Amino acid sequence: MGYDVVEGPELETDEYCFERLNLPEGHPARDMQDSFYITNEYLLRTQTSSVQARTMVANEEKSPIRIITLGKTYRREDDSTHSHQFNQIEGLVIDKKENNISLADLKGTLEVFMKNMLGEKTELRFRPSYFPFTEPSYEVDVTCFKCLRKRMSAL
């Protein structure tokens, strides 16, 4: 589908984990997650979005970006559906307006990806959601790959 798979460090700096995602020190969105700091500057990454920030900074020629990044993320969650460590997959596309990139492209990419990962009968549900560093934002639910339509599980 034309995406590059990009990896980044699990031990991340505060700059790339928060500052470059428009979450400066004292920003209320930082309270939404309990991070595992190793030192005052280094922490275990709380999301793979830090890889997106690194990719954008490295793109000195300002060429189109089409990446998928995946990997382990770490944060203390009070929600019983999450562990302190979980895997995350993110995509990023930056291109010129003339190429008509839209949310429909994101939806199509996710549908193809999830059907290839979990099977052709997989169904997706897109829900508007709030993330402090992206707009617009969506969360995606997928049918359970074992019981199919019996229940939806958060992606």
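Just so you know, these numbers come straight off a predicted model, no measurement behind them. (Residues numbered from 1 in each chain as written. Predicted model: local features only at pLDDT ≥ 70, side-chain atom pairs only at ≥ 80, totals over all residues. Heavy atoms only, no water.)

A. Layout of the sheet that holds strand 5 (residues 85–94). Read across the open sheet, the three strands follow the order 1-4-5; overall the sheet is mixed. At either end of the open sheet lies a strand with only one pairing partner, and these are strand 1 (4–6) and strand 5. Sheet twist, expressed as the average angle between the axes of neighbouring strands with direction ignored, equals 25 degrees. When strand 1 meets strand 4 (residues 65–74), the two strands line up parallel, connected through three bridges. Considered in strand 4, the bridge of V5 is made with I68. (Pairing = 2+ DSSP bridges. Helix = DSSP H or I, 4+ residues; strand = E, 2+ residues; numbered from the N terminus. Axes fitted to C-alpha atoms, helices over the stretch in contact; angles between N-to-C directions.)

B. View of unusual backbone geometry. Notably, N22 is not glycine yet its phi reads approximately 60 degrees, a positive angle. Residue position: N22 is located in the loop between helix 1 (14–17) and strand 3 (42–44). Judged by relative accessible area, which is 61%, N22 ranks as exposed. Here N100, not a glycine, exhibits a phi torsion of approximately 55 degrees, which is positive. If you trace the backbone, N100 turns up in the loop between strand 5 and helix 3 (103–118). A relative accessible area of 61% places N100 in the exposed class. (Buried < 20%, exposed > 50% of the residue type's maximum accessible area, 1.4 Å probe, protein only.)

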